[in-house]
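# Breakdown of the fold
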Amino acid sequence: MKYLQWTVATFAALFLAWPASAGKTVIPVETANTQLVLVAQENGVLQTVHFGAKIADPSAFAAFRTGRGTDNGEGPMTYPTTGGRYIGEPALHVKYADGYHNTELVYAEHRVRANGNVVTTEIILKDPVTLLEVKLCYDAYQKENVICAHTEIKNAGKKPVQLLNYASGALNLDADQYYLTHFHGGWADEMQMDGELLKHDTKVIESRRGTQVTQCSNPSFLVSLNAERLQENVGEVVAGALAWSGNFRLSFEQDESGRLTVLAGISPFASAYELAAGKTFTTPDFIYTFSCKGAGQASRNLHAWARNYGVYGGGQINPTLLNSWEGAYFTFTTETLLRMIDDAAAMGLEMFVLDDGWFAKDYPRNGDDAGLGDWEVNSAKIPEGIDYVASYAHQKGLKFGIWIEPEMVNPQSNLAHQHPEWVVQSPGRELYQSRNQWVLDLSNPAVQDFVYGIFDNTMQLAPNIDYIKWDCNRIVANFGSTYLGKDQDRFFVEYAQGIYNVMRRLRAKYPDTIVQCCSSGGGRVDYGALKYFNEIWTSDNTDAFTRAYIQYATNLIYPACVMASHVSAVPNHQTGNVTPLKFRFDMACSGRLGMELQPRNLTEGERALADRCIRSYKQYRDLVFTGDVYRLASPYEGDYYALMYVSQDRRRAVVFTYCLKYQNRAVGAHVFRMDGLDPARQYKVTELNVNRSSWWGSGQVHAGDFLMNGGFNPVLLKTFDSGVFYLEAD
Ligand code: DGJ
């Protein structure tokens, strides 16, 4: 009798914790060509047993064994936690009210629902001791072969808990070698491609800058499996990105089993997050894809997802523009702006953007040392008002855009005097200035309202403001918030959430305004921001030569439609390089084309070339915005940079080729192998913007397989020779 009672009670307890089925549960998360296979083991531990090419019958994984003794841990855990036998880097580390740190999650149940192209899988894991609940959520984008994973962590216990690590997700990979490609840099030098063969132990990529979090590292990566370098068209590649505009952390840990665990999430740096009883914390999305055709297919997957889901207004064609910054800086009058508008219209550009310097009366913004925070028009510079300038642009057939930097304040401003408590600060510590400014505390809802108001009021300065450039020009120092009181651990997380709160409200009111995300150039380039912003200011570096490296690497992860790229004056204001105008146009035309110089300083011949390049860009730019990218030559690997965008129906394409280093004549014309075309189709190939083509075959019709297998060799021998070729099939 006693025995019977025990078994019934035990069975009931097991059943509650384990209702789905006895034995193992195989959960495939699939797209058209890829598969993530998760298996809830008999003991309830959820393991990732496969991420890669699609296997027709994933249920075979129910019998899969890692062959590894459990003394060494639980194997490839899908969401590893501190606790149990896990000794690696945790995705989740919780400290409970009683001071203990252990969490052991067991599978409870899962559900799958399909909504057209998106199949959502939700898996509930529970810790029976602490009652912590974790919901792993996967959105699988079928056509794009991209998975977006996030996690919801619920404190179902009775006392508050502290989340010490709370990554969005973990990816478990199994290969003999892992080559990591990531992005490093600095101001005017963002997104420099960097890479290394991962050895045992942990490689961490982290940003603790608070704002401008992506200026030095980007929350994105590519891992090549069984390879010693990143290859464009061959090999297995996993590419991923975190959609978060705050401090982030990516880690790549190869343990003694040789498996690699990739964690992506909010940085735990100074961010222990208190979760009250009954509350849930939702992590940002970890977006990833798998390609068995090298980096090229990985990028195309991410780009297709970004255009369809990840970028605000993705796939829409944004206007060409003239931006006032490098042409006028802070020194302009109404007259200067009107003449720039005249010139922009005459050159065929479609928008004029008034950059920094138009605002603040008591502390006029005539340099970067005053005025931020005081968002009224500087009537000494523009007595007629913004409406006058915007209407003039509209009359000339141009759209009108304007710059703001709403998260910042100069000490020399009325705002700094009225609301010193809104500045990010820590009592008794130096308020360090950077670019003569302080950061406003976006974790404070009152500041969020103020920042919302800056955008909203700016939009009222003229009817039909079409475009806002949102800038953010410094990082956080001596972090702290007068609003958060003793809860300073929340600062970094709530700052980032504060931006999103503001953007959500703004998008509800201004769904059609084009908004550029700028942060001293590419200081805020991530898929979290891109949910609200249409494009990024790729870099303050407008030098076409160094842009080759920045744009190549940016485009590995982010689509060309978000990559603002401007033609500027020479010598370049950042690098001093002197490049031909044609080369500058050809580089800018591979993204969203703009100009950023004083058009009056162009010669007649240069104006004619500008007209021509802008006109031809309009003929093919839909390919840049919506086509599939194929990279033909990497600036990081050779003397050329070349890429092409191919329409979805493979009938049209545009090819960009750039020579970055002088080639002696003995070398002759380099052969570029086009890609992505239909081999059987006949394409008419025309070089654009030249009187004499650099390629013998321009103006003729060629078969796709000829172009892809060795016939395309424009003569580009001199440094900064470049060519743009348009392809159209009959
Ligand atoms: C930094 C931006 O990246 C530039 O394009 C320009 O807008 C300046 N700020 C203005 O201060």
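Residues numbered from 1 in each chain as written. Predicted model: local features only at pLDDT ≥ 70, side-chain atom pairs only at ≥ 80, totals over all residues. Heavy atoms only, no water.

Attention now moves to the pattern of salt bridges. Applying the stated criterion to the full structure yields 34 salt bridges. Between K203 and E196 there is a salt bridge, and its shortest N-O distance comes to 3.3 Å. We classify E196 as partly exposed; its relative accessible area is 27%. For D342, the salt bridge goes to R339, with nearest N and O atoms at 2.8 Å. Taken together, the residues D342 and R339, both in helix α4 (residues 334-346) and three residues apart, mark about one turn of the helix. (Salt bridge = Lys/Arg side-chain N within 4 Å of Asp/Glu carboxyl O. Buried < 20%, exposed > 50% of the residue type's maximum accessible area, 1.4 Å probe, protein only. Helix = DSSP H or I, 4+ residues; strand = E, 2+ residues; numbered from the N terminus.)

Here we come to the domain arrangement of the chain. Domains assigned within the chain are domain 1 (2-65 + 73-310), domain 2 (321-625) and domain 3 (631-729). Taking only C-alpha atoms, the centre of domain 1 and the centre of domain 3 are 41 Å apart. Here domain 1 meets domain 3 over a buried area of about 580 Å², counting both sides, of which 27% is carbon and sulfur. On the domain 1 side of the interface with domain 3, the three residues burying the most area are M193, E232 and N233, jointly 55% of the side's total. Where domain 1 packs against domain 3, one counts two salt bridges. A salt bridge links E232 to R631; its shortest N-O distance comes to 3.1 Å. For the pair domain 1 and domain 3, the number of links is four residue pairs in polar contact (both at pLDDT 80 or more). If you tally residues by element for the side of domain 1 that touches domain 3, the top one is helix α2 (residues 294-310), at four residues. (Domains from an automatic or database assignment. Buried area = accessible area lost by both parts, 1.4 Å probe. Polar contact = N/O pair within 3.5 Å; in protein donor to acceptor, adjacent residues only side chain to side chain.)

Here the focus is the site of the ligand. The local shell around the ligand holds 13 residues, among which D355, D356, K469, D471 and D540 are the closest. Within the backbone of G521, one N or O atom sits 3.1 Å away from an oxygen atom of the ligand. Separating an oxygen atom of the ligand from a side-chain N or O atom of W537 is a distance of 3.3 Å. Notes on the ligand: free accessible area 290 Å², of which the protein chains cover 98%. Considering only residue class, the shell around the ligand consists of four nonpolar, three polar and six charged. (Near = heavy atom within 4 Å. Areas by Shrake-Rupley, 256 points an atom, 1.4 Å probe, with all protein chains shown as cover. Nonpolar A, V, L, I, M, F, W, Y, C, P; charged D, E, K, R; others polar.)

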